[in-house]
Each structure stands twice: as structure tokens, then as C-alpha cells.
Amino acid sequence: MEISRPIKNFITLFSKIPGIGPRQATRIVFWLLHQPKDIQTEFSKTIENATTKIKLCADCFFPFEPKNNESLCEICRNQQREHSIICVVEKETDLLSIEKTNKYKGVYHILGGLMSEIDEKKKQELNIKPLLLRIKKSFQEKKPIKEIILALSPTSEGNLTTYYLEKAIKNLGLNIKITKLGRGLPHGGEVEFADSETLINALEGRK
Ligand SMILES: [Zn+2]
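Moving on, we come to the overall build of the protein. For the protein, the count of helices and strands is 9 helices and 6 strands. Taking the intrachain contacts of the protein between residues at least 6 apart in sequence as the baseline, contacts between residues at least 24 apart amount to 52%. As displayed, the protein offers around 13,300 Å² of accessible surface, 54% of which is attributable to carbon and sulfur atoms. Within the protein, the 26 negative side-chain charges are centred at a point lying 3 Å from the centre of the 33 positive side-chain charges.

Right, dumping it as C-alpha cells:
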């Protein structure tokens, strides 16, 4: 018995989602086919809306829904936030975990991944250049960034990226403090899964 082409396509596509393998994708597609028409439509609409109505913030790359065609997300537009401190994170979910602590008042920069020792190309896909430009621009506009917190997970890829970024930022030759998360995060642990207390300790103990 052959699985029909549209179902196969669904499985291939959904298997690309982090954490979802072909087995789960297969279960999802058959589950979806058993749902009433309106639920099925809601699924396709929700996916479409999430990708068409959302824009990436021009400064930090956090996805947001522009209300009046603005280019910055809510955090970057918030004047109560400390715009001279940038916390560099791997991905959106890390930002959300840090936001949940309610302790961090600076702004962010989402890299969109980590560097890899085996895949040199990955570096080009990360938002590293925009970060360096953002730092330079802040000095040109006389609103200099004072501190960059490299809040990447203490995994081998995270450490590699931290090392590279630290060098790249220092090479700008600007008066800028570079800090890293302090103790607390277990070695190999990920920022996304750390509880609030651990994250608060790691942020407050940054050096
Ligand atoms: Zn932003």
C-alpha cells in the first residue's frame, strides 16, 4: 500500500520541524484528516497567518505583528528598557525564558542559531553581521551600547559561538563590556529549559 502523495508531502515537510520526526508527522497528518473541516481550516489559516502577518524586528530579529507598519518589536520600542545593554541569545524561546524572569531590563539580539564546527556555512546564516552593525551604529549615533551579554547555552556549539562573538566584538575596538552568563546553568544545559531562578542567578552573576 502506497501512501498518497499529499500525505507524503505533509510528512516530509512536518518532519523538518525541530523535535518532530517522521513518526510524529505521520500521526499528526492522520489525526488532522480525522478532524472536522473547520478545525482543519483553522490549522492551515493559523500557519498562514503566523508566516504572513509576522515581521522580524529590524533590531533584535524577534518576530512580531506590526500594528502600524512599525519595524521594531515591542521590546525594542519600549523606552523603559535599557537600550545600552544587549543580551545575545540563540533563539526566540531563549528570549521568552529570560523575559519570564521579569528581571532583565535590557534589550536582545537573536542570532537565529549557533555556529557549528562541522558546518562552516552556518555562521553566514546567523545574525552576527547585523549585531556588529548594530553596535557600530549605536556609537555613531552617540547612544553607545555599554554591555553585550552573551547568553548562549554552555554546549560545545554555544561555547564556540560565544568565543567567536567575543573576538569579533573586541575587534571593533569600541569601549564595550562583554559579559557571559555566570554559574548556574549546567554544563551542556540549554538556556531555553533553565528555570527562572537559575536564569536570574546566571544573569546576575554574569561576568
Ligand atoms: Zn526587537
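Glancing now at the side chain of Q40. When you line up the elements, Q40 lands in helix α3 (residues 37-52). A polar atom in the side chain of Q40 sits 2.9 Å from the backbone oxygen of L32. Setting aside residues no more than four positions away along its own chain, Q40 makes contact with L32, L33 and Q35.

With domains assigned, the protein is organised as domain 1 (5-52) and domain 2 (72-204). Between domain 1 and domain 2, the C-alpha centre-to-centre distance is 33 Å.

What follows is about the sheet that holds strand β6 (residues 177-180). The strand order β4-β3-β5-β6 describes an open sheet built from 4 strands, whose pairing is parallel. Strands with a single pairing partner mark the edges of an open sheet, and in this sheet they are β4 (106-110) and β6. Direction aside, the axes of adjacent strands within the sheet are offset by 25 degrees on average. Inspection of the sheet shows strand β3 (residues 82-89) paired to strand β5 (residues 147-150) by 4 bridges, in the parallel sense. Along β5, the bridge assignment pairs V88 with L150.

Applying the stated rule across the entire model yields 10 salt bridges. Between R77 and E70 there is a salt bridge; the shortest N-O distance is 3.5 Å. The exposure class of R77 is partly exposed, given its relative accessible area of 39%. The exposure class assigned to E70 is buried, which follows from its relative accessible area of 15%. For E99, the salt bridge goes to R81, with nearest N and O atoms at 2.8 Å. Separated by 18 residues along the polypeptide, E99 in helix α5 (residues 92-100) and R81 in the loop between α4 (74-77) and β3 bring together distant segments of the chain.

Note on the zinc ion: its protein donors are C57 (SG), C60 (SG), C73 (SG) and C76 (SG). The metal-donor distances range over 2.2 to 2.3 Å. If you look at the zinc ion, its 4 donor atoms make angles of 106 to 115 degrees with each other, and the shape they trace is tetrahedral. Binding-site remark: the zinc ion is held by donors from one chain whose sequence spacing is C-x2-C-x12-C-x2-C. In this structure, C57 and C60 share a single accessibility class: buried.

Basis of the calculations
Residues numbered from 1 in each chain as written. Predicted model: local features only at pLDDT ≥ 70, side-chain atom pairs only at ≥ 80, totals over all residues. Heavy atoms only, no water. Helix = DSSP H or I, 4+ residues; strand = E, 2+ residues; numbered from the N terminus. Contact = heavy atoms within 4.5 Å. Areas by Shrake-Rupley, 256 points an atom, 1.4 Å probe, with all protein chains shown as cover. Lys, Arg positive; Asp, Glu negative; His and termini not counted. Charge placed at Lys NZ, Arg CZ, Asp CG, Glu CD. Polar contact = N/O pair within 3.5 Å; in protein donor to acceptor, adjacent residues only side chain to side chain. Domains from an automatic or database assignment. Pairing = 2+ DSSP bridges. Axes fitted to C-alpha atoms, helices over the stretch in contact; angles between N-to-C directions. Salt bridge = Lys/Arg side-chain N within 4 Å of Asp/Glu carboxyl O. Buried < 20%, exposed > 50% of the residue type's maximum accessible area, 1.4 Å probe, protein only. Donors = N, O, S within 2.8 Å, 3.2 Å for Na, K, Ca; no water. Tetrahedral: all angles 85-135°; square planar, octahedral: opposite > 155°, others 65-115°.

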